[in-house]
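Survey of secondary and tertiary structure
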Amino acid sequence: QGQLVESGGGLVQPGGSLRLSCAASRGVSNIYSMGWYRQAPGRQREPVARITNTGNILYEDSVKGRFAISRDNAQKTLYLQMNNLKPEDTAVYYCNALASVAGGGSLTYWGQGTQVTVSS
């Protein structure tokens, strides 16, 4: 089965930066959209940013102007540049991919998550 593997999380001070990466294995094909989600303790998993194969990008309001999502379609790699990090950004960040299948349906893939902690 296909896999998504995240990396780049860690501990950073408020105002600092991190860059997350997500690599899709060879078992993941025909991706048409990828995105980042996050889940903080005691809260539901929520979308952070998404990018489609057509170049459309959507950000959650709280990260606009601070985070930037990008994708290398050929290498099936997703990135999230996070600047001016705030304590409320602390969460486990998950990579997500949507892939088309025969018949017009889609498959959803999730990474294992990478911890981002913003603290002084």
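For the structure itself, consult the block above.
Notes on the structure follow. (Residues numbered from 1 in each chain as written. Predicted model: local features only at pLDDT ≥ 70, side-chain atom pairs only at ≥ 80, totals over all residues. Heavy atoms only, no water.)

**A few points about the state of the cysteines**
One way to say it: the disulfide is the covalent bond shared by the sulfur atoms of two cysteines. Under the defined criterion, the tally for this structure stands at one disulfide. Each sulfur in the disulfide pair Cys-22 and Cys-95 lies 2.0 Å from the other. On the S-S bond that ties Cys-22 to Cys-95, the torsion sits near -80 degrees, and the link is left-handed. Of the two residues, Cys-22 is situated in strand E3 (residues 18–24) and Cys-95 in strand E9 (residues 91–100); the sequence distance between them amounts to 73 residues. Residue Cys-22 shares its accessibility class with Cys-95, and that shared class is buried. (Disulfide = S-S within 2.5 Å. Helix = DSSP H or I, 4+ residues; strand = E, 2+ residues; numbered from the N terminus. Buried < 20%, exposed > 50% of the residue type's maximum accessible area, 1.4 Å probe, protein only.)

**Let's talk about the nonpolar core**
It is characteristic of soluble globular proteins that their nonpolar side chains tend to be buried jointly. In this structure, Trp-36, Leu-80, Met-82 and Tyr-93 are the most contacted members of the largest nonpolar core, which totals 29 residues. Top contributing element to this core by residue count: E9, with five residues. (Core = buried A, V, L, I, M, F, W, Y, C linked by side-chain atoms within 4.5 Å.)

**Considerations on the sheet that holds E3**
Reading across the sheet, the four strands line up as E1-E3-E8-E7 and stay open at both edges, with antiparallel pairing between neighbours. Unpaired on one side and paired on the other, strand E1 (4–7) and strand E7 (67–72) mark the two borders of the sheet. Strand-to-strand, the axes of this sheet are offset by a mean angle of 15 degrees, without reference to chain direction. (Pairing = 2+ DSSP bridges. Axes fitted to C-alpha atoms, helices over the stretch in contact; angles between N-to-C directions.)

**Here we look at the environment of Leu-85**
Inspection of the secondary structure assignment puts Leu-85 in the loop between strand E8 (77–82) and E9. Between the C-alpha atoms of Leu-85 and Gln-13, which are 72 residues apart in sequence, the distance is 7.6 Å. Those residues within four positions of Leu-85 in sequence are excluded, and the remaining contacts are Val-12, Pro-14, Gly-15, Gly-16, Ser-17, Leu-18, Arg-66, Phe-67 and Val-118. (Contact = heavy atoms within 4.5 Å.)

**Brief notes about unusual backbone geometry**
Despite not being glycine, Asn-30 has its phi angle at roughly 60 degrees, a positive value. By secondary structure assignment, the location of Asn-30 is in the loop between E3 and strand E4 (31–39). According to the relative accessible area criterion, Asn-30 is exposed, its value standing at 54%. Positive phi, normally seen in glycine, also occurs at Asn-84, with a value near 50 degrees. With respect to the helices and strands, the residue Asn-84 is situated in the loop between E8 and E9. Accessibility expressed as a relative area gives 42% for Asn-84, which makes it partly exposed.

**Overview of the packing of aromatic side chains**
The tally for this structure, following the rule as stated, stands at one aromatic pair. Arranged with centres 4.9 Å apart and planes meeting at 70 degrees, the rings of Tyr-37 and Trp-110 form a pair that is edge-to-face. Here Tyr-37 is found in strand E4, whereas its partner Trp-110 is found in strand E10 (residues 106–110), with 73 residues between them in sequence. Sitting above the plane of the Tyr-79 ring, Arg-19 keeps its charged end 4.1 Å from the centroid. (Phe/Tyr/Trp six-rings, centres within 6.5 Å; stacked < 30°, edge-to-face > 60°. Lys NZ or Arg CZ within 6 Å of the ring centre and 35° of its normal.)

**Re the pairing of E3**
Across the seven residues of E3, five count as buried, placing the element largely inside the fold. One ladder, built from four bridges, connects E1 with E3; its direction is antiparallel. Looking across to E3, one finds that Glu-6 is bridged to Cys-22. Taken together, the six bridges between E3 and E8 define a ladder with antiparallel strand orientation. Directly across from Leu-18, in E8, lies its bridge partner Met-82.

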